[in-house]
Amino acid sequence: MIPDLGKYADTVLSAYAASIVLLIALVLFSVIRGRKVRAEMEKLEQRMSRHG
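Bear in mind that the values here come from a model prediction, so they are computed numbers and not experimental data.

Engineer: Teacher, can you tell me more about the overall build of the chain here?
Structural biologist: Assigned secondary structure in the chain consists of one helix and zero strands. Taken over the C-alpha trace, the chain has a radius of gyration of 22 Å; the compact-globule value for 52 residues is 10 Å, which it surpasses by more than 25%. Counting across all 52 residues of the chain, residues that qualify as buried make up 0%. Across the chain, the 8 positively charged side chains and the 5 negatively charged ones have centroids separated by 11 Å.

Laid out in structure tokens, this is it:
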């Protein structure tokens, strides 16, 4: 199932691992940031509805 990468196996596999880690980090950052922005927008909407 895994192709024979020969002498480049370490380099290729570490590049794959680094890519996966960076993608996971970007997704987590986006989710966390989205939650913060959503909460902030809800606060602003509540404040605007109070002041009409």
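Engineer: What is the right way to read the environment of Asp4 from this model?
Structural biologist: Of note, Asp4 is situated in the segment before α1 (9-51). Of the polar contacts made by the side chain of Asp4, one reaches the backbone nitrogen of Gly6; its length is 3.3 Å.

Engineer: Looking at this model, I keep getting lost on a nonpolar patch on the surface. Mind explaining?
Structural biologist: Together, Ile20, Ile24, Leu28 and Ile32 line one region of the surface with nonpolar side chains, adding up to about 390 Å² of accessible area. With respect to the helices, strands and loops of the structure, Ile20 is situated in helix α1.

Engineer: I tried to follow the environment of Glu42 on my own but got confused; where do I start?
Structural biologist: As for its placement among the helices and strands, Glu42 is situated in helix α1. Considering only alpha carbons, one finds Glu42 and Tyr16, 26 residues apart in sequence, at a separation of 39 Å.

The rules behind these values
Residues numbered from 1 in each chain as written. Predicted model: local features only at pLDDT ≥ 70, side-chain atom pairs only at ≥ 80, totals over all residues. Heavy atoms only, no water. Helix = DSSP H or I, 4+ residues; strand = E, 2+ residues; numbered from the N terminus. Rg over C-alpha atoms; globule rule 2.2 N^0.38 Å. Buried < 20%, exposed > 50% of the residue type's maximum accessible area, 1.4 Å probe, protein only. Lys, Arg positive; Asp, Glu negative; His and termini not counted. Charge placed at Lys NZ, Arg CZ, Asp CG, Glu CD. Polar contact = N/O pair within 3.5 Å; in protein donor to acceptor, adjacent residues only side chain to side chain. Patch = residues over 30% accessible without salt bridge, like charges linked within 9 Å, V, L, I, M, F, W, Y side chains within 5 Å. Areas by Shrake-Rupley, 256 points an atom, 1.4 Å probe, with all protein chains shown as cover. Salt bridge = Lys/Arg side-chain N within 4 Å of Asp/Glu carboxyl O.

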